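Survey of secondary and tertiary structure
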Amino acid sequence: MATFVLVPGFWLGAWAWRDVTVALRSQGHEVHPMTLTGVAERDHLAGPEVSLDTHTTDIVRLLEVEDLRDVLLVGHSGGGMPAAQAADRAPDRIARVVYVESGPLPDGTAQFDTLPPEEQQRLRAAIGTGHLLPPPAWDPAADPTNLAGLDEPTLALLRSRTTPHPLRAATDPVRRTGGRPVPTALVASTFPLDVVRQMIRQEHPFFTGLADGQLHELPTGHWPMLSEPKALADVLDLIARS
């Protein structure tokens, strides 16, 4: 049995991990899906002060309050950044960080920095002077790669349940103290592993720090916990048993 902490990506709460949680628990694991400050059922806390550090503290405090150890810390998409910082701050509690469609960005790099300039400009225009990042339209015609595998009921669920995300989670740079490194694993869905390996060799910021980590492929869209929850749980179980 392993202990999992599941961190959702932008706009999602613990609810997005429901089917993965059920599957992992049926395999005998202890599972803690979490909602970060300012999102989903905690969206009433989404003030302008909510930052990447806030979300990192959310994770570290869960580890401390529940006294969790030897944790497999799973960060999906934007949840990979606070997961990376949490591993830096509490390495004695974490056995491995599992990046699902994510990666440990280099120190000093923000998620926003990885977007093309035209996408940054579009988002800045949509945000205006606000402090929240609006969710996408969840339109498969406009984003077929990322939304692959999601049926219409799931897309409807995303349209009804996703909430704006604190902007500073995307614009604050990842900061590490340079402490003891924690082993990593990657679950790639929209990037084939041969492409991932090439990007690692080229030191692409998406996958910095994964050269010595486990690499797993689960072909689907960017939200495998919703498009392939059982398959994702099986990969996570495999990582735990390895």
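Nothing here was measured: the structure is a model prediction, and the numbers come from that model.

Cut-offs applied
- Residues numbered from 1 in each chain as written.
- Predicted model: local features only at pLDDT ≥ 70, side-chain atom pairs only at ≥ 80, totals over all residues.
- Heavy atoms only, no water.
- Helix = DSSP H or I, 4+ residues; strand = E, 2+ residues; numbered from the N terminus.
- Rg over C-alpha atoms; globule rule 2.2 N^0.38 Å.
- Buried < 20%, exposed > 50% of the residue type's maximum accessible area, 1.4 Å probe, protein only.
- Contact = heavy atoms within 4.5 Å.
- Areas by Shrake-Rupley, 256 points an atom, 1.4 Å probe, with all protein chains shown as cover.
- UniProt positions renumbered as here; feature names shortened; annotations may be inferred.
- Phe/Tyr/Trp six-rings, centres within 6.5 Å; stacked < 30°, edge-to-face > 60°.
- Core = buried A, V, L, I, M, F, W, Y, C linked by side-chain atoms within 4.5 Å.

Once that is clear, we can look at the overall build of the protein. Across its full length, the protein holds nine helices and eight strands. The C-alpha radius of gyration of the protein comes to 17 Å, within 12% of the 18 Å expected for a compact globule of 242 residues. Projected onto its principal axes, the C-alpha positions of the protein cover 45 × 40 × 40 Å. Among the 242 residues that make up the protein, the fraction classed as buried is 53%. Relative to all contacts within the protein whose residues are 6 or more apart in sequence, the contacts with residues 24 or more apart total 76%. Entry remark: accessible area of the protein is about 10,700 Å², with carbon and sulfur atoms responsible for 51%.

Let's shift gears to the UniProt feature "domain: AB hydrolase-1" (unreviewed entry) in the protein. The UniProt record marks residues 4-235 with the feature "domain: AB hydrolase-1" (unreviewed entry), using the residue numbering of this structure. Measuring from the first to the last C-alpha atom of residues 4-235 gives 13 Å, for a span that is 34% helix and 15% strand.

Its identity is not glycine, yet Asp 67 carries a phi of approximately 50 degrees, on the positive side. Here Asp 67 lies in the loop between α2 (52-65) and β3 (71-76). The exposure class of Asp 67 is partly exposed, given its relative accessible area of 46%. For Ser 77, which is not a glycine, the phi torsion comes out positive at approximately 50 degrees. In this fold, Ser 77 is placed in the loop between β3 and α3 (80-89).

Moving on, we come to the packing of aromatic side chains. Enumeration according to the criterion identifies six aromatic pairs in this entry. Centroid distance Phe 191 to Phe 206: 6.3 Å. Interplanar angle 80 degrees. Geometry classified as edge-to-face. Taken together, the positions of Phe 191 in the loop between β7 (184-188) and α7 (193-201) and Phe 206 in the loop between α7 and β8 (214-217) put the pair 15 residues apart, joining distant regions of the chain. Classification of Phe 206 as partly exposed rests on a relative accessible area of 27%. Ring centres of Phe 191 and Phe 207 lie 5.8 Å apart, and the angle between their planes is 90 degrees; this geometry places the pair in the edge-to-face category. Taken as a pair, Phe 191 in the loop between β7 and α7 and Phe 207 in the loop between α7 and β8 lie far apart in primary sequence, 16 residues in all.

On to the nonpolar core. Counting 47 residues, the largest nonpolar core has Phe 4, Val 20, Leu 232 and Leu 236 as the members making the most contacts within it. The greatest single-element share of this core, amounting to five residues, is contributed by helix α9 (residues 229-241). If we skip the residues at most four places from it in the chain, Phe 4 touches Leu 24, His 29, Glu 30, Val 31, His 32, Leu 72, Val 74, Leu 236 and Ala 240. Counting residues in each nonpolar core, the second largest holds 28 residues, with Ala 86, Ala 90, Val 196 and Phe 207 among its members.

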